[in-house]
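# Fold and contact review
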Amino acid sequence: MKRTMKIGALLAAVLLMNGGCAAEKIPPKLSEVGFYLDTVITMTAYVEDKQVLKDAMNECGRYEQILSRTVEGSDVWRINHAKGEPVEVSEDTMNILRCAQEIGDQSGGAFDVTIAPVSTMWNFTREPYTLPDSDAIAQAAKLVDYTRMKLEGNTVTLPEGMMIDLGGIAKGYIADRVKAYLQERGVQYAILSFGGNIVAIGSRKPDGSPWRVGIQDIDKPTGEHMLISVNKGGSTVTSGTYERGFDLDGVRYHHLLSPDTGWPVQNELASVTIFSESSMEGDALSTTAFILGTDKGLELIESLKGVEAVFIAKDRKVTYSSGAEEYMVQ
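Residues numbered from 1 in each chain as written. Predicted model: local features only at pLDDT ≥ 70, side-chain atom pairs only at ≥ 80, totals over all residues. Heavy atoms only, no water.

## Notes on the sheet that holds strand β7 (residues 197-201)
- Judged by pairing direction, the sheet is antiparallel, and its eight strands sit side by side in the order β1-β2-β6-β7-β10-β13-β14-β15 without closing on themselves. Sheet topology places β1 (29-36) and β15 (318-320) at the edges, where each strand pairs with a single neighbour. Each strand of the sheet is rotated relative to its neighbour by a mean of 10 degrees, with strand direction disregarded.
- Each of β1, β2 (39-46) and β6 (190-194) touches helix α2 (residues 51-67); the most contacted strand, β1, lies at about 20 degrees to it.
- Across the sheet, helix α8 (residues 279-292) is in contact with β7, β10 (235-240), β13 (269-276) and β14 (308-313); its angle to β13 comes to roughly 155 degrees. (Pairing = 2+ DSSP bridges. Helix = DSSP H or I, 4+ residues; strand = E, 2+ residues; numbered from the N terminus. Axes fitted to C-alpha atoms, helices over the stretch in contact; angles between N-to-C directions. Contact = heavy atoms within 4.5 Å.)

## Regarding the side chain of Thr319
- Counting through the fold element by element, Thr319 comes out in strand β15.
- The contacts of Thr319, once residues within four sequence positions are left out, are Thr294, Leu298, Ala309, Val310 and Phe311.

## Concerning the pattern of salt bridges
- The full count for this structure, using the stated rule, is 11 salt bridges.
- Arg316 serves as the salt-bridge partner of Asp219, at 2.8 Å between the closest nitrogen and oxygen. With Asp219 in the loop between β8 (211-216) and β9 (225-231) and Arg316 in the loop between β14 and β15, this residue pair connects regions lying 97 residues apart in the sequence.
- When salt bridges with common partners are traced through the structure, they connect Glu32, Lys50 and Lys54 into a single cluster. (Salt bridge = Lys/Arg side-chain N within 4 Å of Asp/Glu carboxyl O.)

## Points about a nonpolar patch on the surface
- Together, Val33, Phe35 and Val40 make up a nonpolar patch on the protein surface, roughly 300 Å² of accessible area in all.
- Here Val40 is to be found in strand β2. (Patch = residues over 30% accessible without salt bridge, like charges linked within 9 Å, V, L, I, M, F, W, Y side chains within 5 Å. Areas by Shrake-Rupley, 256 points an atom, 1.4 Å probe, with all protein chains shown as cover.)

Everything listed is a geometric property; what it means functionally is a separate question.
Rendered as structure tokens:
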């Protein structure tokens, strides 16, 4: 009798466990698409109410009003038009600038948010494509020096004539903040695409399968992958010469500019992908590692905890940091 009761209790426990798993309801998969920061943004999440995604997309618009260089009255616009006077900015802007300053220091100035005097002289999006005047670029490059930017409390002071452009880091920051926003709204599974920035909520999809992220084939149309990686609930960011640029007289002119010369970096690389927890950090490091080139870029990545990278050269040679292959689908 006792043995029968024990077996019955055990079976009941097993049934309860199985029933509990089976009863776990996965919300429907819903998506929302928007256009902010000159980028198509796609959010796909497992949620009951699509309004959650709409609200998250509105957050992108709110951040754009703060961080865009071209939106009159934004923090960045006010800094760039302050003529050397101190400007009080939001905590968001200050967080980004402090991170940018740190990566600038770590990279010996390869990452520099005061690149705007030269970046504004380039047109990578509209035909006809022409090269800016070389003398004008040389003069503008003299105004690129993040070490002259003073950050005190929530106040930014930039010498007159200098300008900042957060295009190499702001998308990552916004992706991080939107991820946190969705988590606060109860979202447990999501994949967010901010152009070259991909962030995930949840180490896997609800069915247990991994979040897969393709790494663009450098020689093929957009959307065709050369490698496949997995996102483990963090950030995947790629910067490449194919993103924004044009070809002229056999030379690829792209948006990854040298802070020293003001011209697109011409080295052996075609793209760099960064795996990290912070998309803000990954955003800045993908640009930085590209500018440094494979050897110095790899050296930088290996010095950073929790960051891995994939370097793809123009000749299609692939170089991994020491832990990057753990993110790759073989």
